[in-house]
Amino acid sequence: MTAPKTILCADDSLTALTMHQMILKSHGYRVVTAQDGFEAVTKAGAERPDLILMDVVMPRMTGFEAVKQLRNDAATKGIPVIMVTTRAEPKVIETCFQAGCNDYVNKPVDGAVLLSKVRALVGV
Amino acid sequence: MTVQTLSPDPIVLERRVAVLEAENIQLTERALGAEQRLVRAAQLYATVSQLHQTAETDEVVIVVKEIVANLLGCEEMGVYDVWPQGPVCTFVDGIGLDADRFGTLPPTHALVRQAIATGALVVPADPAAEPIHGRPVSALVPLHDQGTVCGLVVMFQLLRQKPKLDAGDQDLLEAVAAHAGRALVHARLREATR
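Since this is a predicted model, take the numbers as computed values, not measurements.

Draft legend 1. Structural view of the packing of helix α1 (residues 14–25) of chain A against helix α1 (residues 10–52) of chain B. It is at 9 Å that the axes of α1 of chain A and α1 of chain B come closest, and there the two elements cross at 140°. The handedness of the crossing between α1 of chain A and α1 of chain B comes out as right-handed. Residues L14, T15, T18, M19, M22 and I23 of chain A of α1 of chain A lie in contact with α1 of chain B, whose contacting residues are L38, V39, A41, A42, Q43, Y45, A46, S49 and Q50 of chain B. Residues of the contact of α1 of chain A with α1 of chain B, tallied by class, amount to 10 nonpolar, 5 polar and no charged.

Draft legend 2. Structural view of the interface of chain A and chain B. Taken together, the contact between chain A and chain B spans 26 residues of the former and 23 residues of the latter. For the pair chain A and chain B, the summed buried surface comes to about 2,000 Å²; carbon and sulfur atoms form 62% of the total. Linking chain A with chain B are 1 salt bridge. Here E75 of chain B ties to R87 of chain A by a salt bridge, and the two come within 2.7 Å at their closest N and O atoms. At the boundary of chain A with chain B, the tally comes to 9 residue pairs in polar contact (both at pLDDT 80 or more). At the level of secondary structure, the elements contributing two or more residues to the side of chain A that touches chain B comprise α1 and α5 (111–122) of chain A. If you tally residues by element for the side of chain A that touches chain B, the top one is α1 of chain A, at 7 residues. Of the residues belonging to the side of chain A that touches chain B, the class tally is 11 nonpolar, 9 polar and 6 charged.

How each quantity is defined
- Residues numbered from 1 in each chain as written.
- Chains lettered and ligands numbered in written order.
- Predicted model: local features only at pLDDT ≥ 70, side-chain atom pairs only at ≥ 80, totals over all residues.
- Heavy atoms only, no water.
- Axes fitted to C-alpha atoms, helices over the stretch in contact; angles between N-to-C directions.
- Helix = DSSP H or I, 4+ residues; strand = E, 2+ residues; numbered from the N terminus.
- Left-handed = near helix turned anticlockwise from the far one by under 90°.
- Contact = heavy atoms within 4.5 Å.
- Nonpolar A, V, L, I, M, F, W, Y, C, P; charged D, E, K, R; others polar.
- Buried area = accessible area lost by both parts, 1.4 Å probe.
- Salt bridge = Lys/Arg side-chain N within 4 Å of Asp/Glu carboxyl O.
- Polar contact = N/O pair within 3.5 Å; in protein donor to acceptor, adjacent residues only side chain to side chain.

Function cannot be inferred from these measures alone, as they are strictly geometric.
Structure follows, in structure tokens:
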């Protein structure tokens, strides 16, 4: 039996974190959480998750800055990141990819879309 | 070693394939339905659990803002205190609104009156039909406890990728209305007894 895949969820909203955790855990993923970009970078280094779900607007360090830091660190640069964005405009999406994310989901997060993107990047 | 060759009737095989395809579609739809129900349950759980962890009125307001913004996709909203004498609605906090312009709600506005009088969720079919302070209204959510409306959440502009509130969103708003109302009343009582 293989160990469950670990997903790091970073969001300053406890409501959003609770919801993402519940959806992902119910599909067999192990979830660790962070409430700002700085904590996300620290936990990514310590936990080496299989995937990171990263909100854009967070205190201390934004999601964009956090992804840039992750990409500059040999230990974390290969971890896939899904950005969670409020804005759906092409320019914002472009910024997500320029920062180094692998995919994105828009708020409000559609659970089925989130799960399909997670599966595409890390498997079930 | 003998090799057994099958030579089934193509018509029978085609029918069997059609039946299996139909079963496959049904199972996929059921799986998607189950996934959607799980997401709704997760939203409700997140909403109720966060509201029940609040102790202060400003904590209740923050959680309400988070729910409306993150789970329902609203980018312009206000939380109002409702004072029974009048009734007068005064702005407490919000997202994307000018606090001066949206400081109070017009008490004679039909949607505001309806929400406070009935204590029921109001979701206008056409948000632009009866604007408040010039902004289209997506929903009015009266926060209530034991039949008394103690607050009102007014949702104005939704995010571009969120064209309207669906039935599941409205179920979630009903939960917000009841649990946030109760949390608000309890927080006010706690603060008053200090």
